[in-house]
Amino acid sequence: MGVLLTVAIFLPLVSALLVAIARNSTFSRVISIATSVVVFLIAVYLGLNFDWNNPSFQHTIKLPWIQPLGISFSLGLDGMGMALFLLTALMFVVAFVWSAKIEDRPNLYHALFLLLETACIGVFSALDLFLFYLFWEFMLIPMYFIIGFWGHERKVYAANKFFVYTFFGSIFLLLGIASVVIYGYIVSGSVSFDYFFLKNIQYPLWIQLVTFLLFGLGFAVKVPMWPFHTWLPDAHVEAPTAGSVILAAVLLKMGTYGFVRYSLPMFPEASKYYVPLIFFLSVVAIIYAAMMAIAQTHIKRLIAYSSISHMGLVTLATFASDWNALNGAIYMMVAHGLSSAALFMSAGFIYDRIHSYHMDDLGGLARYIPNLAIVFMLSGLVGIGFPGLAGFVAEFLILLGTYKNYPVWAFIAGVGMVLGAAYFLYMYKRVMLEEETISDYRREKWSHLKDLELHHWIAFVLVLASSVLLGIYPLPFVKLMEHTTRMVFGG
Amino acid sequence: MNWNALLPELVLSIGILLLFFLDLLLDKRHFRLLHVLGGFVSIFAFISLFFVEVPAKTFFDTFAVSSFELFGKGLLYILSSLSLFALYDYFLKKNSPYGEIPYLVLLSTLGLSFFMSSSNLLTLFVSVELSSISIYILTALLRGDYNSKESAFKYLLMGSVGTALFGMGSAFYYGATGSFFLTPYADQNTLFSLFILFFLSALALKISAVPFHFWTPDAYDGAPTPLVGYIATAPKLALYMLLVKLTLLFSQFKLWLVLVAVLSLLSMFYANFTAYAQRSVKRLLAYSSIAHAGYFLLGVSFSDQILQKALLFYLGVYVFAVLGSFVVLSAFEKQEGFSHHLLEYRGLGRENPVLGVALSIFLLAFIGIPPMALFVGKLGMFMGLVKAGLELLALAFVVASVISAGYYLKLMSVMFLEEGEVRFRGSSLSAGESFTLLVCLIFILLLGLFPQLLYTYIKL
């Protein structure tokens, strides 16, 4: 099965090259959607064949690659990797379907997204730190150009800021990787980048403390944790809709994925030592970002801040050293991926129709585009944790787990969730309901607005149906999460 | 006399004489032919490396070859042949077909080749001067151009200071050890410390480390662009080979580590900040190379197998990125009135996707983004520094890399993303230029994914 996983990684790369040299834009659209669907089917197939009772990585493949440096081409999935692979594959289908009508340089656009897909799946399945870093960092290039080419007014600024911030984090990560590899070399006498080899080394406390910070900085920028979060609102505001979808649904998860995959198992003592620091940063992110969200009038910026707030919940729960909390954290990664994607699609749709993201220009849209009003509401409900939807399971597990060891922190996190409901409903009111503020001229113009088209429907249905599935039948997914949790906590 | 050890140098010398006479006999129409011939001379020298039996010594032991020197020479010959292939079209377009270029480049290569093999301070001195003087002439090549003359003069002056420091250092070495041969030396005394101080200063000047860097931006700015690709790479390659040898011999001295660390930190931070103030892309790349001198110096701060191998790998791929980027720059400069101002690069990437993408790949490589090979070098340097217990220097390297990312990105975003008036539309590539560019790109990308292809040849 490892071969299938390899195919899922490199198929988009091959398609990207095809699309880049193609002359015909219809060809590139078809190829891109077909590729992403095939990858999604592979993901589903691997997911159905995933045995969560077997406590080891599955669908593995290991080929020799750079032998003098102990680097191998090693892939494999655990429960979390599987879940995020499924999420990634789904999101790229959604992104390509959503972009079906893009006019501006379509071939390049599709090629960059396909490259991004290769990098994203690679990050979630690499079991060799060199390979992991390769995908992790390569992701910057396509995303930089996606923001820079198809963004809005301040796209150059946002693209550069995104790149520099992320690079800032990941070069520290590279130093961290170098440090653990060298420590492994000193202990065992051989250089190896293999994940399992490095995980099974007992690092002395001071090395753990240093390398945890080096790794953590890389992950924290990507999450993004407060105070490294300022690139995110800019990147989201300027990015094209599909770029925002991928950024929010997939790229942010890389940071929290890194914490769970690398920081927790490799540096267990440091992970306990830094709990106060991480909790503090997470809670600041949860509350501060939620307050910032309430203050925004730009709907994309509001959603971006809500992402920061939600990701704060994930980092909080990740380090709560509790079985349920970690399950909830991973569940939240998926749930937030779905909700933020749906919200960004709603915002993007509004922009496509009305050419503004500002609440002052909007209001009472529910009357003119009722279908959007429904899916927008549903997307928001996923985000604020409405029972029966994916977000609820995640938030419930997080609160349950965190409360056991850290009741005060859990209480503050709960406040953040309430704020989440507040800013979403406030935005919904301003954009969809409030009719008093709009001028007659706008009413006249908006009476001909076109509601959701077929490709919008497909994208929304894919995301929202998944959210409902995760909300009403969480068992298989929780089992997936538990597969990882068991590995982290042992037993 | 062991002639076999000198095989590649003999090939080069014969080629130089041949080109010298051909330049006298043939007229201007055969300008292109001379360059291609020069490139092939260098390739033949490269091939002859496979017939050299190592290890060998000759010239009363002042000239030594081992697999370590073969690695450096191999890269050097590839570099000089690639730069020769990329040169001719620029000078034809500038209407200055000077026939002396190929043999001057090869002469400099010959000097550097001797330099790599020298194990004696006197022969080192002679060979580095052979190379430097050829390069001064090459810098001043555009006789009609004021900038070219000025930069050559500055280069000559600063180079002479370096020569003086070199000589002074050698004298102290002789005073301390009673010999000009480089041998392990353990006695810590004033004379030897002075040798390290002067000699390192001389080498720092040649590799353009701060505070001896002042000639670099001017020389890069004024010299004919395609030649900068050679000037910025080949001499550095040879000098770092020497520095690695010196590290293996002398790095147990505390002074060595202190001096190298100071030079390196100054270069990294000064250059990376100053680069932001540059408006000329050539100067920007000059500061980038000063910053890289700082990075590379970290690789000779401590004697450690992993560290020095990483340095040589990093250097070995870096030179191709530099050469490639200057080939792109010289292709741009073939447009009438192009002066490398940042504003003139606006939209050039969109207008010339091939050149723009190539330059972006090199810039991303300088930043250290995978899968470009420089990233493997950076990783290796980190590993070596951590192993040597110099974590703080590694951290400084990391911070400097972060600072540097911004100006490379600025150039990239000007070329591709910024909108506004596009003043220059584009330019064509000659066959030689596209060949060089292609080889550089393949090197950078292939060695990033399969670094063992080069790593296995690095033997200390």
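Preceding this section is the structure that the text describes.
Draft legend 1. Representation of the overall build of chain B in the model. What chain B contains, in helices and strands, is 19 helices and two strands. For chain B, the C-alpha radius of gyration of 21 Å lies close to 23 Å, the compact-globule estimate for 460 residues. Overall size of chain B, expressed as C-alpha extent along the three principal axes, is 65 × 55 × 40 Å. Considering chain B as a whole, with its 460 residues, one finds that 66% of them fall into the buried category. Put simply, of all contacts in chain B between residues at least 6 apart along the chain, 81% involve residues at least 24 apart. Accessible surface, chain B as shown: approximately 15,400 Å² in total, 70% of it carbon and sulfur. Distance between charge centres in chain B, computed from 27 positive and 24 negative side chains, equals 2 Å.

Draft legend 2. Spatial organisation of empty space enclosed by the protein. What the rule picks out here adds up to seven cavities of 30 Å³ or more. Lining the largest cavity are 17 residues; nearest its centre among them are Ser132, Tyr155, Lys206, Trp215 and Pro235 of chain B. Sorting the residues of the lining of the largest cavity by element identifies α4 (101-117), α5 (121-139), α6 (146-177), α7 (190-206) and α10 (234-250) of chain B as the ones contributing at least two each. Per element, the largest residue contribution to the lining of the largest cavity is five residues, and it comes from α5 of chain B. In the lining of the largest cavity, the residues fall into 12 nonpolar, three polar and two charged. Lining the second largest cavity are 16 residues, and of these Ser306, His310, Leu343, Tyr423 and Phe424 of chain A lie nearest its centre. Of all elements in the fold, only α14 (299-318), α15 (323-354), α16 (370-384) and α18 (407-433) of chain A reach the threshold of two or more residues within the lining of the second largest cavity.

Draft legend 3. Representation of the layout of surface pockets in the model. The calculated volume of the largest pocket comes to roughly 1,500 Å³. Taken together, 40 residues line the largest pocket, and the ones lying closest to its centre are Leu17, Leu112 and Leu115 of chain A together with Val357 and Ile361 of chain B. Here the lining of the largest pocket is built from residues that sort into 34 nonpolar, four polar and two charged.

Draft legend 4. Fine view of the interface of chain B and chain A. Tallying the contact residues gives 36 residues for chain B and 35 residues for chain A. Where chain B abuts chain A, roughly 3,200 Å² becomes buried across the two surfaces, and 87% of that area is made up of carbon and sulfur atoms. It is Met383, Leu409 and Leu417 of chain B in chain B that bury the most area against chain A; as a group they hold 19% of the surface buried on that side. Linking chain B to chain A there are one salt bridge. A salt bridge links Lys155 of chain A to Glu419 of chain B; its shortest N-O distance comes to 2.8 Å. On the surface where chain B and chain A come into contact, there are four residue pairs in polar contact (both at pLDDT 80 or more). Residue assignment for the side of chain B that touches chain A shows that the elements contributing at least two residues are α15 (353-367), α16 (374-387), α17 (391-416) and α18 (431-449) of chain B. Residue contributions to the side of chain B that touches chain A peak at 12 residues, all from α17 of chain B.

Draft legend 5. Geometry of helix α11 (residues 241-266) of chain A. All names here are of chain A. An ideal rise of 1.5 Å per residue puts 38 Å on 26 residues; α11 measures up with 37 Å between its terminal C-alpha atoms. The largest bend along α11 reaches roughly 40° and is located at Leu247. The buried count for α11 comes to 26 of 26 residues, which makes it a mostly enclosed element.

Draft legend 6. The arrangement of the pattern of salt bridges in detail. The final tally for this structure, using the stated rule, is 33 salt bridges over all chains. Of the charged contacts in the structure, one is a salt bridge between Arg261 of chain A and Asp78 of chain A, with a shortest N-O distance of 2.7 Å. Of the two residues, Arg261 of chain A sits in helix α11 while Asp78 of chain A sits in the loop between β2 (71-77) and α3 (79-98), which places them 183 residues apart along the sequence. We note a salt bridge from Lys429 of chain A to Glu434 of chain A, for which the minimum N-O separation is 3.3 Å. Connected through salt bridges with shared partners, the residues Glu150, Lys154, Asp218, Asp221 and Arg283 of chain B form a single ionic network.

Draft legend 7. Just helix α4 (residues 106-125) of chain A, in detail. The end-to-end C-alpha separation of α4 of chain A is 29 Å, in line with the 28 Å expected for 20 residues at 1.5 Å each. For α4 of chain A, the buried fraction is high: 19 of the 20 residues fall into the buried class.

Draft legend 8. Examining the packing of helix α7 (residues 155-188) of chain A against α17 of chain B more closely. Orientation of α7 of chain A relative to α17 of chain B, taken along the N-to-C sense of each, is 155°, at an axis distance of 9 Å. Judged on the interaxial angle alone, α17 of chain B and α7 of chain A are roughly antiparallel. Handedness of the α7 of chain A/α17 of chain B crossing: right-handed. Contact residues: α7 of chain A offers Val156, Asn160, Phe163, Val164, Phe167, Phe168, Ile171, Phe172 and Leu175 of chain A, while α17 of chain B offers Ala394, Leu395, Val398, Val399, Ser401, Val402, Ala405, Gly406, Leu409 and Ser413 of chain B.

Draft legend 9. Spatial organisation of the pairing of β2 of chain A. Residues and elements named next belong to chain A. Within β2, seven of the seven residues are buried, leaving the element largely enclosed by the surrounding structure. Alternating positions in β2 separate into two faces, Ile71, Phe73, Leu75 and Leu77 on one and Ser72, Ser74 and Gly76 on the other, with burial throughout. Across six bridges, strand β1 (residues 58-66) lies against β2 in antiparallel orientation. Across the sheet, the residue bridging to Leu63 is Phe73, located in β2. Remark: four residues form the turn of the hairpin made by β1 and β2, two consecutive strands paired antiparallel; Gly70 in that turn has positive phi of roughly 65°.

Draft legend 10. Inspection of a nonpolar patch on the surface at higher detail. Residues and elements named next belong to chain A. Together, Val468, Leu469, Ile472, Tyr473 and Leu475 make up an exposed nonpolar region whose accessible area comes to about 480 Å². If you tally residues by element for the nonpolar patch, the top one is helix α20 (residues 454-472), at three residues. With respect to the helices and strands, Leu475 occurs in helix α21 (residues 475-489). Residue classification places Leu475 among the partly exposed positions, given a relative accessible area of 48%.

Draft legend 11. Molecular detail of the environment of Glu69 of chain B. Residue and element names in this part refer to chain B. Take Glu69: it is sitting in helix α3 (residues 67-93). On a C-alpha basis, the gap between Glu69 and Met241 in space is 7.9 Å, while along the polypeptide they are 172 residues apart. Filtering out sequence-adjacent residues up to four positions away, Glu69 remains in contact with Ala64, Met116, Ser117, Met241 and Lys245. There is a polar contact of 2.6 Å between the side chain of Glu69 and the side chain of Ser66.

Draft legend 12. Representation of the environment of Asn147 of chain B within the structure. Within the secondary structure, Asn147 of chain B sits in helix α6. A relative accessible area of 46% places Asn147 of chain B in the partly exposed class.

Draft legend 13. Geometry of the nonpolar core. Judged by nonpolar contacts, the single largest core of 386 residues is most densely connected at Met91 of chain A together with Phe250 and Tyr345 of chain B. A total of 21 residues in this core trace back to one element, the largest contributor, which is helix α13 (residues 305-333) of chain B. Not counting chain neighbours up to four residues away, the residues in contact with Met91 of chain A comprise Val245, Ile246, Ala249, Val250, Gly337, Leu338, Ala341 and Val463 of chain A. Ala5, Leu6, Ala56 and Val65 of chain B belong to the second largest nonpolar core, which has six residues in total.

Draft legend 14. Region of interest: the packing of aromatic side chains. For the structure shown, the criterion picks out 87 aromatic pairs over all chains. Geometrically, the ring pair formed by Phe392 of chain A and Phe396 of chain A is stacked, given 6.1 Å between the ring centres and 25° between the ring planes. Taken as a pair, Phe392 of chain A and Phe396 of chain A lie in helix α17 (residues 390-405) at a separation of four residues, close to a single helical turn. Residue classification places Phe392 of chain A among the partly exposed positions, given a relative accessible area of 33%. Measuring from centroid to centroid gives 5.7 Å for Phe85 of chain B and Phe435 of chain B, while their planes differ by 80°, and the two rings are edge-to-face. Taken together, the residues Phe85 of chain B in helix α3 and Phe435 of chain B in helix α18 connect sequence positions 350 residues apart. Given a relative accessible area of 8%, Phe85 of chain B falls into the buried group. Classification of Phe435 of chain B by relative accessible area gives partly exposed; the value is 42%. In this structure, Arg105 of chain A packs its charged tip against the face of Trp150 of chain A, placed 5.7 Å from the ring centre. Across from the ring centre of Tyr98 of chain B, 4.1 Å away, lies the NZ or CZ of Arg143 of chain B, which sits over that ring.

Draft legend 15. The arrangement of the side chain of Ser119 of chain B in detail. All names here are of chain B. Checked against the element boundaries, Ser119 lands in the loop between α4 and α5. Only 3.1 Å separates the side chain of Ser119 from the backbone oxygen of Asp61, close enough to count as a polar contact. Beyond its immediate chain neighbours, meaning those up to four positions away, Ser119 contacts Asp61, Thr62, Phe63, Phe180, Phe181 and Leu182.

Cut-offs applied
Residues numbered from 1 in each chain as written. Chains lettered and ligands numbered in written order. Predicted model: local features only at pLDDT ≥ 70, side-chain atom pairs only at ≥ 80, totals over all residues. Heavy atoms only, no water. Helix = DSSP H or I, 4+ residues; strand = E, 2+ residues; numbered from the N terminus. Rg over C-alpha atoms; globule rule 2.2 N^0.38 Å. Buried < 20%, exposed > 50% of the residue type's maximum accessible area, 1.4 Å probe, protein only. Contact = heavy atoms within 4.5 Å. Areas by Shrake-Rupley, 256 points an atom, 1.4 Å probe, with all protein chains shown as cover. Lys, Arg positive; Asp, Glu negative; His and termini not counted. Charge placed at Lys NZ, Arg CZ, Asp CG, Glu CD. 1 Å grid on protein atoms, 1.4 Å probe; cavity = no way out; pocket = protein on both sides within 12 Å on 5 of 7 lines; lining within 4 Å. Points joined across faces, edges and corners; volume = space filled by probe spheres on them. Nonpolar A, V, L, I, M, F, W, Y, C, P; charged D, E, K, R; others polar. Buried area = accessible area lost by both parts, 1.4 Å probe. Salt bridge = Lys/Arg side-chain N within 4 Å of Asp/Glu carboxyl O. Polar contact = N/O pair within 3.5 Å; in protein donor to acceptor, adjacent residues only side chain to side chain. Expected span 1.5 Å × (residues − 1). Bend = angle between axes of the 7 residues up to and from the residue. Axes fitted to C-alpha atoms, helices over the stretch in contact; angles between N-to-C directions. Parallel < 35°, antiparallel > 145°, perpendicular 65-115°, else oblique. Left-handed = near helix turned anticlockwise from the far one by under 90°. Pairing = 2+ DSSP bridges. Patch = residues over 30% accessible without salt bridge, like charges linked within 9 Å, V, L, I, M, F, W, Y side chains within 5 Å. Core = buried A, V, L, I, M, F, W, Y, C linked by side-chain atoms within 4.5 Å. Phe/Tyr/Trp six-rings, centres within 6.5 Å; stacked < 30°, edge-to-face > 60°. Lys NZ or Arg CZ within 6 Å of the ring centre and 35° of its normal.

Shape is all these values report; function is a separate question.
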